[in-house]
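Structural overview
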Amino acid sequence: MEKISYACDKLTQWMGKASAFLVFVLVFLVLYDALSRYLFKMGSVSLQELEWHLFALMFLLGIPYALKHDKHVRLDLFYQHYSKRSKRVLWILCNLLFVLPFCAFVIWHGYDFALMSYLQNESSDSGGLPYRFLIKSAPLLAFFLVALQALSEVIKASILLRKESLC
């Protein structure tokens, strides 16, 4: 189980780095777009759509990374006063009862959304990017990765609980 958790963490770490790289790509793309639009009076719908798509990917690929590093939003009003054991039990329950079902919901409903886009060979109506199904598939990938990371968190917390109970 530890090997599975380690593999999930490694994949999440790699996706976090990919997300960080997309920040730099997006900054340069926006800079280029702004300069070409305001200095040379030429703009591109495809370039603007690419910016939106990269922002979506950057955000979606960052979600599992935030979960792994415990940098997500949490109401710490009560949580901060719990014991380590209680926090681990709550962490396991939250991942199993909230995160994983939500991921399953997004993947279940998002699959038809992306599939329909693929079957229709959907592209931008305004002369933008083709293959819109690629960006519509991004939430499927992102929430699959979130589910993997949630499972990894459950495994790690369970291992720590077991080690604590043995001491």
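Per chain, residue numbering runs from 1 following the sequence as it is written. With pLDDT at 70 or above as the cut-off, local features in this predicted model cover only qualifying residues; side-chain atom pairs require 80 or more to be listed or tallied, and sums for whole chains, interfaces and linings still use all residues. No hydrogens and no water enter the side-chain calculation; it runs on all heavy atoms of the structure.

Thoughts on the nonpolar core
Counting residues in hydrophobic clusters, the biggest one holds 17 residues, and the most contacted among them are Leu60, Leu67, Ile92, Cys103, Phe143 and Val146. Those elements giving two or more residues to this core turn out to be helix H2 (45-68), helix H4 (84-119) and helix H5 (132-166). Put simply, DSSP marks the helices as runs of H or I at least four residues long and the strands as runs of E at least two long, and each gets a number from the N terminus on. Among the elements that line this core, the one with the most residues is H5, at 10 residues. Among residues more than four places away in sequence, those in contact with Val146 are Ile63, Pro64, Leu67, Val99 and Cys103. Put simply, buried Ala, Val, Leu, Ile, Met, Phe, Trp, Tyr and Cys residues joined by side-chain atoms within 4.5 Å make one nonpolar core. Exposure classes here rest on a 1.4 Å probe applied to the protein chains alone. A residue is buried below 20% of its type maximum, exposed above 50%, and partly exposed in between. Leu26, Leu47, Leu54 and Leu145 belong to the second largest nonpolar core, which has 9 residues in total. Here a residue-residue contact requires only that any non-hydrogen atoms of the pair lie within 4.5 Å.

Description of the packing of helix H1 (residues 2-39) against H5
Lines fitted to C-alpha atoms define the axes, with helix axes restricted to the stretch in contact, and inter-axis angles between N-to-C directions lie between 0 and 180 degrees. At their nearest, the axes of H1 and H5 sit 9 Å apart, and the two run at 135 degrees to each other. Between H1 and H5, the interaxial angle falls into the category oblique. Helix-helix and strand crossings are classified by hand; for H1 and H5 the assignment is left-handed. For the pair H1 and H5, the contacting residues are Glu2, Ile4, Ser5, Cys8, Asp9, Leu11, Thr12 and Met15 in the first and Leu145, Leu148, Gln149, Ser152, Glu153, Ile155, Lys156 and Ile159 in the second. When residue character is reported, Ala, Val, Leu, Ile, Met, Phe, Trp, Tyr, Cys and Pro are called nonpolar, Asp, Glu, Lys and Arg charged, and the others, Gly included, polar. Partitioned by chemical class, the residues of the contact of H1 with H5 number 8 nonpolar, 4 polar and 4 charged. An angle below 35 degrees is treated as roughly parallel, one above 145 as roughly antiparallel, one from 65 to 115 as roughly perpendicular, and anything else as oblique. A clockwise turn of the near helix away from the far one marks a right-handed crossing, whereas an anticlockwise turn of less than a right angle marks a left-handed crossing.

Remarks on H4
Under the 1.5 Å per step criterion, the end-to-end length of H4 is 50 Å for 36 residues, consistent within 8% with the ideal 52 Å. The reported bend at a residue is simply the angle between two axes, fitted to the 7 residues ending at it and to the 7 residues beginning with it. Of all bends in H4, the biggest is about 35 degrees, found at Asn95. Turning to H4, its buried residues are Arg88, Trp91, Ile92, Asn95, Leu100, Cys103, Val106, Gly110, Ala114 and Ser117. Those residues of H4 hidden inside the fold are in contact with H2 and H5. Asn121 lies just past H4 and shows a positive phi near 50 degrees. Given a helix with a known number of residues, its expected span is that number minus one, times 1.5 Å.

Notes on the pattern of salt bridges
The salt bridge criterion pairs a side-chain nitrogen of Lys or Arg with a carboxyl oxygen of Asp or Glu, the two atoms within 4 Å. What the rule picks out here adds up to 6 salt bridges. A salt bridge links Lys156 to Asp9, with the nearest nitrogen and oxygen atoms 2.9 Å apart. Of this pair, Lys156 sits in helix H5 while Asp9 sits in helix H1, and the two are 147 residues apart along the sequence. Looking at Asp9, the relative accessible area reads 14%, which means it is buried. Between Arg37 and Asp33 there is a salt bridge; the shortest N-O distance is 3.5 Å. Note that Arg37 and Asp33 are positioned in helix H1 at a spacing of 4 residues, about one turn of the helix. By relative accessible area, which is 27% here, Arg37 ends up partly exposed. Taken together, the shared-partner salt bridges connect Asp9, Glu153 and Lys156 into one network.

Focus: the side chain of Lys136
Secondary-structure assignment places Lys136 in helix H5. Given the relative accessible area of 17%, Lys136 is considered buried.

A word on the state of the cysteines
The term disulfide is used for any two cysteine sulfur atoms that are within 2.5 Å. One pass over the structure, following the stated rule, counts 0 disulfides. The thiol of Cys8 is unpaired, and the distance to the nearest cysteine sulfur, on Cys103, comes to 12 Å. On the basis of relative accessibility, which here comes to 10%, the residue Cys8 falls in the buried class. Classification of Cys103 by relative accessible area gives buried; the value is 1%.

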